[in-house]
Amino acid sequence: VEIDRVGDMETDVYNLTAELMKKYGELIREYPEQWNGWLQRPWKTRPLEELEEGLRQDPHNVSLMGEIGRCHLANGRVEEAKEVFERALAEAPDYHLAHLQLGRLFLEENEIERATYHLHLSLELKPRDADSRKQMGLLMKKRCRNTTALIYFRSSLRAKHDDAESYWAQGRCL
């Protein structure tokens, strides 16, 4: 997607976001049967029972815990997801995915201190992770630290150029 730049960052970000959303809409209308496939992740389609059986056989497998947590999230079961991610951290305190997901969930629930704790650890474990940087940007935005938020959003976009949410959030900081 390309836009005519006007030289004003806020306008450029707004125009780019609008063009991206327009393009997504066109693709969805052109290929409606693939709509769910674009949005779903493997953990949403893999049967939860299969994952839980794998965890019963290997109760210390934090990767399976991560998949189960994401499966719960994809199906709207936030509390179950939190429990699984916290269990994973009890097994492996440096499990990046669990810190990232808990930070995101606590941020959504406006539990700022808990979100800060997990997102800081997430970035400490993987300093270049685009999703961790985006979540930290959202946290800084919520704390009214727009300049710091903008820095996180821009660094996130350097690693993950096609993240429409980061473009939108960056525009909201200007």
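Preceding this section is the structure that the text describes.
Residues numbered from 1 in each chain as written. Predicted model: local features only at pLDDT ≥ 70, side-chain atom pairs only at ≥ 80, totals over all residues. Heavy atoms only, no water.

(A) Here's a closer look at the overall build of the protein. Scanning the protein for helices and strands turns up 11 helices and zero strands. Its helices and strands taken in sequence order, the protein reads α-α-α-α-α-α-α-α-α-α-α from the N to the C terminus. Buried residues in the protein amount to 40% of all 174 residues. Counting contacts in the protein only where the partners sit at least 6 residues apart, residues at least 24 apart contribute 43% of the total. (Helix = DSSP H or I, 4+ residues; strand = E, 2+ residues; numbered from the N terminus. Buried < 20%, exposed > 50% of the residue type's maximum accessible area, 1.4 Å probe, protein only. Contact = heavy atoms within 4.5 Å.)

(B) Broad picture of the nonpolar core. Core analysis: the biggest nonpolar cluster contains 33 residues, and Phe85, Tyr95, Met136 and Leu139 have the highest contact counts within it. Among the secondary structure elements, those contributing two or more residues to this core are helix H4 (48-57), helix H5 (62-74), helix H6 (78-91), helix H7 (96-108), helix H8 (112-125), helix H9 (130-142) and helix H10 (146-159). Setting aside its immediate chain neighbours within four residues, Met136 contacts Leu119, His120, Leu123 and Tyr152. (Core = buried A, V, L, I, M, F, W, Y, C linked by side-chain atoms within 4.5 Å.)

(C) Just the environment of Glu86, in detail. Position of Glu86 relative to the elements: it lies in helix H6. In this structure, the C-alpha to C-alpha distance between Glu86 and Ala98, residues 12 residues apart in sequence, is 7.2 Å. Setting aside anything within four residues of it in sequence, one finds Glu86 in contact with Leu102, Phe106 and Arg114.

(D) Structural detail: the pattern of salt bridges. For the structure on display, the rule yields seven salt bridges. Taking the shortest distance from any N to any O, the salt bridge between Lys82 and Glu79 comes out at 3.3 Å. Of the two residues, Lys82 and Glu79 both sit in helix H6, three residues apart, roughly one turn of that helix. For Lys82, a relative accessible area of 7% translates into the label buried. Residue classification places Glu79 among the partly exposed positions, given a relative accessible area of 45%. The salt bridge involving Glu111 is made with Arg114; its shortest N-O contact spans 3.1 Å. Each of the salt bridges in this network shares a partner with another, and the network as a whole consists of Glu79, Lys82 and Glu109. (Salt bridge = Lys/Arg side-chain N within 4 Å of Asp/Glu carboxyl O.)

(E) How the structure looks around unusual backbone geometry. Residue Asn110 is not a glycine yet carries a positive backbone phi of 65°. Mapped onto the fold, Asn110 is located in the loop between H7 and H8.

(F) Region of interest: the environment of Ala18. One can find Ala18 in helix H1 (residues 9-30). You can call Ala18 partly exposed: its relative accessible area is 36%. Remark: the alpha-carbon pair of Ala18 and Ile3, spanning 15 residues in sequence, is separated by 9.9 Å.

All we've got here are geometric facts, nothing functional implied.
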